[in-house]
Amino acid sequence: MVRIICKGLYKTYDKAGTKALKNVNLDIDAKGILTLIGRNGAGKTTFIRILSTQLKPTRGKVILDGVDVVSQPEKIRNKIAVIPQDSSLVPWMTAKQNILVYLLWRGFKYKDAVKRAESALDTMGIREYADKLPRKLSGGTRRKVMVATVLSSEAEIIFLDEPTTGLDPVSRRELWNILNKMKEDKLIILTTHYLEEAEELSDDIAVLDRGRLLRVGSINQLRKSIGYPYAVRIFDGGLKIPGIRGKVIKKDKDTLQIFCTEKEADRIADRLIRSKARFSINPTSLEDIFYMLIGDIKEDIHEKEQA
Amino acid sequence: MKRSRLSQLSASVLANAIYAMQNFPVMLINTILAPFGFLLIIFFVSHGTLLNVAIIGALIMTMVTSGTSLQGDLTHLKNDMKLQDMLVSSPVSPIIYIAGMALSEIVFSIPNIVVLGLLAVVFIHMSYVSAAIIAAVMLLTFAFSVSLGFFISTISRDIIEGWAFMGLISMLLATLPPVYYPITYIPLPFRYLAYLSPTTYSAMIAQNSIGFLSLSSSGIYLSWTILLGISFFILFLGIKRSRWREG
Ligand SMILES: Nc1ncnc2c1ncn2[C@@H]1O[C@H](COP(=O)(O)OP(=O)(O)O)[C@@H](O)[C@H]1O
Ligand SMILES: [Mg+2]
């Protein structure tokens, strides 16, 4: 468990006056994978860069694992490792050399670094590419080598800013498997704008939008917090169910979606079974939660919340 | 864990010099040949009379190039590979990183220094004192160009800006100053331009030490003072104003 505390965190980029973070408050005992989601420009990278001591906030406090990262960055740098957004391998070094020099920069003895680099390449299943230059590797393999650099280090807290952006579905899934292995002994803080990825991987999810931290918690906590943990989908647009308590959305001509509590979902299901309608009931997806949180779900029909 | 400073220093040298040369040997050929272009031109044009000066000039220029290369390399690694961000969020200190990178530029120029050094031994008959003076001048030249390179790299946000700064630096440190020939060859109003460049003072001291220029003793003191002053100022600027963690 790693405790992360943010109090009144603001970041305004001076030149443009862009407010990238606005009053972010957070107190969480994080473990496994903590994922920051949000659209482009939400402030994910800014947040990661502040937590990982690359960027000073304009205002506010950040305590990571008991260390004030704003005033004592050196104290946390022993424990963290980062792959920045859009970072890439150094093109004139082989895969293994890229990992090796990173470990040397962290202060490992040469022999130790070589061992660690090789074992990381093994773990990632890319040993065969060890002596290849980056330009000879596929995008997916390159990304794996990048992940191997931080994986091979002793850091306990790993930041990955959009590690899967631009990868093909197979590579992405391979990377997920690796992250799931990594999280057994490290805390991984990653960002993504793929919501199904966040849902699949995360122990905790933080939702950022326009510089504000809207929610933090496990997917189940997020479901509860919005008040609609279940989504009923009815494939019969004409069907009338009186007295629905929940958020009703007309997806298209033939599909109706109702977000509601478990109890209400049961009641609706009963009725639907009796009227022989086609329907499905699922826990509300992160995607739906996300759109509800950022307020982009259009309540096309109506929203009833009767007592 | 106990972290080894030596490992941290060697990381920069391996990353920026050794592995680069190992994987791309053609770079080595390029760096070895680079200073000879001008040396040969001067040699031919002066019918051999300026050979001594040109060899010393090439040695000094090698040091200047190290500084400008450092700037290019740092900017490239920082902006295109985000390497600096990775290292900021790691236990390596900026001083060690930069010192290692500076060292890597020297390592890169070793073949050069060796070849030019041999030429100097063969063609210039200088005393140990002159040799020591030239070594000191080279060291100072390296110090200010590396500091300047580092400073510029931290304030340039992308490679285009980096290139622009690099062009300006090269002009100031390499094109303006009379490195391959005595300053007296430059007609007067233009000579003042040359005095703007710290490299001019490096060259004047070096040329004086092999007897190609005869500076008065006050001229020598003044040159040293200006050279040291500029070097410390730029070094100070590099350390003080450069950004490791962004504000
Ligand atoms: N260095 C910078 N200078 C000025 N504005 C910036 C800088 N970095 C990010 N921004 C702005 O801050 C906001 C948040 O950006 P960012 O943290 O990169 O978001 P995300 O990673 O979620 O896409 C955006 O509006 C972006 O344009
Ligand atoms: Mg981002």
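Everything numeric in this text was worked out from a predicted model, so none of it was measured.

**Some remarks on helix α10 (residues 198-209) of chain B**
At 3.6 residues per turn, the α-helix brings residues three or four places apart onto the same side.
All names here are of chain B.
Okay, step 1: Between the first and last C-alpha of α10 there are 17 Å, a value that for 12 residues agrees with the 16 Å anticipated at 1.5 Å per step.
Okay, step 2: By the criterion of burial, α10 is predominantly enclosed, with 12 of the 12 residues buried.
Okay, step 3: Buried residues of α10: P198, T199, T200, Y201, S202, A203, M204, I205, A206, Q207, N208 and S209, and no others.
Okay, step 4: Tucked inside the fold, the buried residues of α10 contact α4 (51-79), α7 (128-155), α8 (159-175), α9 (188-194) and α11 (217-241).
Okay, step 5: Of the residues trailing α10, G211 is marked for its positive phi of about 80°.

**Examining a nonpolar patch on the surface**
Okay, step 1: Taken together, the side chains of F38, L40, I41, F44 and V45 of chain B present a nonpolar region at the surface, about 510 Å² in accessible area.
Okay, step 2: Structurally, F38 of chain B can be placed in helix α3 (residues 36-45).

**Thoughts on the domain arrangement of chain A**
All names here are of chain A.
Okay, step 1: Split into domains, chain A comes out as domain 1 (2-217) and domain 2 (227-306).
Okay, step 2: Inter-centroid distance (C-alpha atoms) of domain 1 to domain 2 is 37 Å.
Okay, step 3: At the junction of the two partners, domain 1 supplies 12 residues and domain 2 supplies 7 residues.
Okay, step 4: In total, about 830 Å² of surface goes out of reach between domain 1 and domain 2, with carbon and sulfur atoms giving 77% of it.
Okay, step 5: Of all residues in domain 1, R39, L195 and E199 give up the largest surface area on contact with domain 2, accounting jointly for 48% of the area buried on that side.
Okay, step 6: The tally of links from domain 1 across to domain 2 stands at 0 salt bridges.

**Looking at the coordination of the magnesium ion (ligand 2)**
Okay, step 1: Within the first shell, the magnesium ion (ligand 2) binds the protein through T45 of chain A (OG1) and Q85 of chain A (OE1), at distances of 1.9 to 2.2 Å. Of this pair, T45 of chain A sits in helix α1 (residues 44-51) while Q85 of chain A sits in the loop between β6 (80-83) and α3 (95-105); the two residues are 40 residues apart in sequence, bridging distant segments of the chain.

**Considering the pairing of β6 of chain A**
Residue and element names in this part refer to chain A.
Okay, step 1: Here β6 shows no split at all, with I80 and V82 on one side and A81 and I83 on the other all buried.
Okay, step 2: Strand direction decides the pairing type here: β6 and strand β7 (residues 157-161), joined by 4 bridges, are parallel. Paired with I83 across the two strands is L160, which belongs to β7.

**Things to note about the sheet that holds strand β2 (residues 18-30) of chain A**
All names here are of chain A.
Okay, step 1: The 4 strands are arranged β2-β1-β4-β5 in an open sheet whose pairing can be described as antiparallel. One side of each edge strand has no neighbouring strand; the edge strands of this open sheet are β2 and β5 (67-68).
Okay, step 2: The strands touched by α1 within the sheet are β1 (2-13), β2 and β4 (59-64), with β1 carrying the most contacts at an inclination of about 120°.

**Examining the site of ligand 1**
Residue and element names in this part refer to chain A.
Okay, step 1: The full set of residues close to ligand 1 is Y13, T18, A20, R39, N40, G41, A42, G43, K44, T45 and T46.
Okay, step 2: In the model, a nitrogen atom of ligand 1 is placed 3.5 Å from a nitrogen or oxygen of the Y13 side chain.
Okay, step 3: Between ligand 1 and the protein, one listed contact pairs an oxygen atom with a backbone N or O atom of A42 at 3.2 Å.
Okay, step 4: Protein contact buries 63% of the 550 Å² of open area that ligand 1 shows by itself.
Okay, step 5: Those elements giving two or more residues to the shell around ligand 1 turn out to be β2 and α1.
Okay, step 6: Sorting elements by how many residues they give to the shell around ligand 1 places α1 first, with 3 residues.

**Quick notes on the interface of chain A and chain B**
Okay, step 1: Contacts between chain A and chain B engage 43 residues on the former and 37 residues on the latter.
Okay, step 2: Both sides of the chain A and chain B interface together cover about 3400 Å² of buried area, and 59% of this is carbon and sulfur.
Okay, step 3: When the buried surface of chain A facing chain B is broken down by residue, R77, W92 and W105 of chain A rank first, second and third, together holding 27% of it.
Okay, step 4: The interface formed by chain A and chain B contains 3 salt bridges.

**Concerning the pattern of salt bridges**
Residue and element names in this part refer to chain A.
Okay, step 1: Tallying each qualifying case throughout the model produces 18 salt bridges over all chains.
Okay, step 2: Between D27 and R3 there is a salt bridge, and its shortest N-O distance comes to 2.7 Å. Of the two residues, D27 is situated in strand β2 and R3 in strand β1; the sequence distance between them amounts to 24 residues.
Okay, step 3: A relative accessible area of 48% places D27 in the partly exposed class.
Okay, step 4: The salt bridge involving R173 is made with E200; its shortest N-O contact spans 3.6 Å. Residue R173 is found in helix α6 (residues 169-182), and its partner E200 is found in helix α7 (residues 195-201); the two are separated by 27 residues along the sequence.
Okay, step 5: In this structure R173 comes out as partly exposed when scored by relative accessible area, which is 44%.
Okay, step 6: Here the salt bridges share partners, and the residues they tie into one network are K96, E118, D122 and R127.

**Focus: the pairing of β7 of chain A**
Residues and elements named next belong to chain A.
Okay, step 1: Burial of β7 is extensive: 5 of the 5 residues sit out of reach of the surface.
Okay, step 2: Side chains I157, F159 and D161 project from β7 onto one buried face, and the interleaved I158 and L160 project onto a second face that is buried too.
Okay, step 3: Of the pairings in the sheet, the one linking β7 to strand β8 (residues 187-192) comprises 5 bridges and is parallel in character. Of the residues in β8, the one forming a bridge with L160 is L190.
Okay, step 4: For the handedness criterion, the β-α-β arrangement of β7, α6 and β8 is classed as right-handed.

**Let's talk about the nonpolar core**
Okay, step 1: Core analysis: the largest hydrophobic core is formed by 113 residues, its most contacted members being W105 of chain A together with Y97 of chain B.
Okay, step 2: Sort the elements by how many residues they give to this core and α4 of chain B lands first, with 14 residues.
Okay, step 3: If sequence neighbours within four positions are ignored, Y97 of chain B has contacts with W105 of chain A together with S12, L74, L77, L83, L87, V92 and W244 of chain B.
Okay, step 4: In this structure, L26, A42, L55 and L208 of chain A belong to the second largest nonpolar core, which totals 31 residues.

**A few points about the sheet that holds β8 of chain A**
Pairing between the strands of a sheet is mediated by backbone hydrogen bonds and can be parallel or antiparallel.
Residue and element names in this part refer to chain A.
Okay, step 1: Pairing is mixed in the open sheet, where 6 strands are placed in the order β6-β7-β8-β3-β9-β10. Since the sheet does not close on itself, it has two edges, and those belong to β6 and β10 (212-217), each with one partner. With strand direction ignored, the average angle separating the axes of adjacent strands in the sheet is 15°.
Okay, step 2: Contacts from helix α5 (residues 139-151) reach β6 and β7, with the element oriented near 170° to β6.

**Considering the packing of α4 of chain B against α8 of chain B**
Residues and elements named next belong to chain B.
Okay, step 1: In the contact formed by α4 and α8, the axes pass within 10 Å of each other and the chain directions differ by 170°. Considered as vectors, α4 and α8 are oriented roughly antiparallel to each other. On α8, the residues that touch M61, V64, T68, Q71, G72, T75, H76 and N79 of α4 are I159, G162, M166, I169, S170, L173 and A174.
Okay, step 2: Split into classes, the residues belonging to the contact of α4 with α8 amount to 7 nonpolar, 8 polar and no charged.

Calculation criteria
- Here the residue numbers are simple positions, counted from 1 along each chain's written sequence.
- Naming scheme: in the order in which they are written, chains are lettered from A and ligands are numbered from 1.
- Under the rules for a predicted model, residues below a pLDDT of 70 receive no local features and side-chain atom pairs below 80 are neither given nor counted, while totals for whole chains, interfaces and linings still include all residues.
- Side-chain measures here rest on the full set of heavy atoms in the structure, leaving out hydrogens and waters.
- Secondary structure elements are taken from DSSP: a helix is a run of H or I of four residues or more, a strand is a run of E of two residues or more, and numbering for both begins at the N terminus.
- Helix span, as expected, comes to 1.5 Å for every residue beyond the first.
- Only protein chains enter the area calculation, which uses a 1.4 Å probe; residues under 20% of their type maximum are buried, those over 50% are exposed, and those in between are partly exposed.
- The contact rule is simple, with two residues in contact once any of their heavy atoms fall within 4.5 Å.
- To count toward a patch, a residue needs a relative accessible area over 30% and no salt bridge; like charges are then connected within 9 Å, while nonpolar side chains (Val, Leu, Ile, Met, Phe, Trp, Tyr) are connected within 5 Å.
- Only the protein chains shown count as cover for residues, and the accessible areas themselves come from Shrake-Rupley with a 1.4 Å probe.
- Salt bridges, as used here, are contacts in which a Lys or Arg side-chain nitrogen is within 4 Å of a carboxyl oxygen on Asp or Glu.
- All the domain ranges listed were derived from an automatic or database domain assignment.
- Buried surface area refers to the total accessible area, computed with a probe of radius 1.4 Å, that the two partners give up upon joining, counted for both partners together.
- Sites may look incomplete, because water is not among the atoms used; the donor set itself consists of N, O and S atoms within 2.8 Å of the metal (3.2 Å for Na, K and Ca).
- By definition, two strands form a pair when at least two bridges between them are found by DSSP.
- Note on geometry: axes are lines fitted to C-alpha atoms, helical ones only across the stretch in contact, with angles between N-to-C directions running from 0 to 180 degrees.
- In these notes, residues near a molecule or strand are those with any non-hydrogen atom within 4 Å of it.
- Identification of polar contacts relies on pairs of N or O atoms within 3.5 Å, with a donor-acceptor requirement for protein atoms, meaning one able to donate a hydrogen and the other able to accept it, and with residues adjacent in sequence counted only if both atoms are side-chain atoms.
- If the strands point away from the viewer and the path from the first strand over the helix to the second runs clockwise, then the crossover is right-handed.
- In this text, buried Ala, Val, Leu, Ile, Met, Phe, Trp, Tyr and Cys residues form a nonpolar core when linked through side-chain atoms within 4.5 Å.
- In this scheme, roughly parallel covers angles under 35 degrees and roughly antiparallel covers those over 145, while 65 to 115 is roughly perpendicular and the rest are oblique.
- Here the term charged refers only to Asp, Glu, Lys and Arg, the term nonpolar to Ala, Val, Leu, Ile, Met, Phe, Trp, Tyr, Cys and Pro, and the term polar to all other amino acids, Gly among them.

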